[in-house]
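What the coordinates show
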Amino acid sequence: SAVISQKPSRDICQRGTSLTIQCQVDSQVTMMFWYRQQPGQSLTLIATANQGSEATYESGFVIDKFPISRPNLTFSTLTVSNMSPEDSSIYLCSVEMGEYASYQETQYFGPGTRLLVL
Amino acid sequence: QKEVEQNSGPLSVPEGAIASLNCTYSDRVSQSFFWYRQYSGKSPELIMSIYSNGDKEDGRFTAQLNKASQYVSLLIRDSQPSDSATYLCAVSGRALTFGSGTRLQVQP
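Rules and cut-offs
Residues numbered from 1 in each chain as written. Chains lettered and ligands numbered in written order. Predicted model: local features only at pLDDT ≥ 70, side-chain atom pairs only at ≥ 80, totals over all residues. Heavy atoms only, no water. Helix = DSSP H or I, 4+ residues; strand = E, 2+ residues; numbered from the N terminus. Rg over C-alpha atoms; globule rule 2.2 N^0.38 Å. Buried < 20%, exposed > 50% of the residue type's maximum accessible area, 1.4 Å probe, protein only. Contact = heavy atoms within 4.5 Å. Areas by Shrake-Rupley, 256 points an atom, 1.4 Å probe, with all protein chains shown as cover. Lys, Arg positive; Asp, Glu negative; His and termini not counted. Charge placed at Lys NZ, Arg CZ, Asp CG, Glu CD. Polar contact = N/O pair within 3.5 Å; in protein donor to acceptor, adjacent residues only side chain to side chain. Disulfide = S-S within 2.5 Å. Buried area = accessible area lost by both parts, 1.4 Å probe. Salt bridge = Lys/Arg side-chain N within 4 Å of Asp/Glu carboxyl O. Nonpolar A, V, L, I, M, F, W, Y, C, P; charged D, E, K, R; others polar.

With respect to the overall build of chain B
The helix and strand inventory of chain B stands at 0 helices and 11 strands. Counting helices and strands in the order they occur from the N terminus, chain B gives β-β-β-β-β-β-β-β-β-β-β. For a compact globule of 108 residues, the expected C-alpha radius of gyration is about 13 Å, and chain B comes in at 13 Å, within 12% of that figure. Principal axes of the C-alpha set define a box for chain B whose edges measure 40 × 30 × 20 Å. Taking all 108 residues of chain B together, the buried fraction comes to 45%. Taking as baseline every contact in chain B between residues at least 6 positions apart, the subset at least 24 positions apart corresponds to 53%. When the accessible surface of chain B is split by element, carbon and sulfur atoms take 46% of a total near 5100 Å². Positive and negative side-chain charges of chain B, numbering 10 and 10 respectively, have mean locations separated by a distance of 6 Å.

Spelled out as structure tokens, the structure:
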């Protein structure tokens, strides 16, 4: 599996501001994903980010609110714009890689960014 | 729209017992199935994947898949207090669809 890091690990922000979350992986990957996990809930996919193309957003998520960049095969950013308390959540990036031994495509997660919006 | 259903629990088992976690899914064309473990305050960690009908064993973990019944399960043998976590079932498509998770509590 890959080593995935996210910055920041946590933040407390004021409503109306924006936060950019970085995701770095130690090897080149084609597919990167951004998820949100609200308190006590499961994971919800925000968007899929492929290098060299626009991110694909899931229903309920829009580019103006969650702009994503994918400048190369090891890095992506997610911005949470014009934040409100409802955006308080854990934001997770994941990468799709071949699983050891089976070589089937599998997703591995970064450590997450814990965001609290006041 | 894919749906992945799990019993939210908590499932409480004594130390040393077998914990059985279940998951059903609605999309018949799904081909890959995963179990992730998530400790409180941590990100999901892949523990098992399964792609064909039958059983797949890895240490104390056994994943079982029945595509005809659209059912996938995870058995944890000799459960330990360190297994206490939320277990997320995920089904592949264009991206992963996650169930709501089952909280497992292993009582010492």
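From this point, the narrative continues.
Observations regarding the side chain of Arg37 of chain B
Residue and element names in this part refer to chain B. Among the secondary structure elements, Arg37 is positioned in strand S4 (residues 33–38). Taking relative accessible area as the criterion, Arg37 reaches 12% and is therefore assigned buried. Separated by 3.5 Å, the side chains of Arg37 and Tyr39 make a polar contact.

Some points on the state of the cysteines
All names here are of chain A. The tally for this structure, following the rule as stated, stands at 2 disulfides over all chains. The disulfide partner of Cys23 is Cys93, and the S-S distance across this bridge is 2.0 Å. On the sign convention where negative is left-handed, the bridge of Cys23 and Cys93, at about 65 degrees about the S-S bond, is right-handed. Here Cys23, found in strand S3 (residues 19–25), pairs with Cys93, found in strand S9 (residues 89–98); they are 70 residues apart in sequence, far enough to count as distant.

Structural notes on the interface of chain A and chain B
Listed per partner, the contact involves 21 residues of chain A and 18 residues of chain B. At the boundary of chain A with chain B, total buried surface from both sides reaches about 1400 Å², with 52% on carbon and sulfur atoms. The tally of links from chain A across to chain B stands at 0 salt bridges. At the surface where chain A touches chain B, the tally comes to 6 residue pairs in polar contact (both at pLDDT 80 or more). With 5 residues, strand S10 (residues 105–109) of chain A is the largest single contributor of residues to the side of chain A that touches chain B. Residue composition of the side of chain A that touches chain B, by class: 8 nonpolar, 9 polar and 4 charged.

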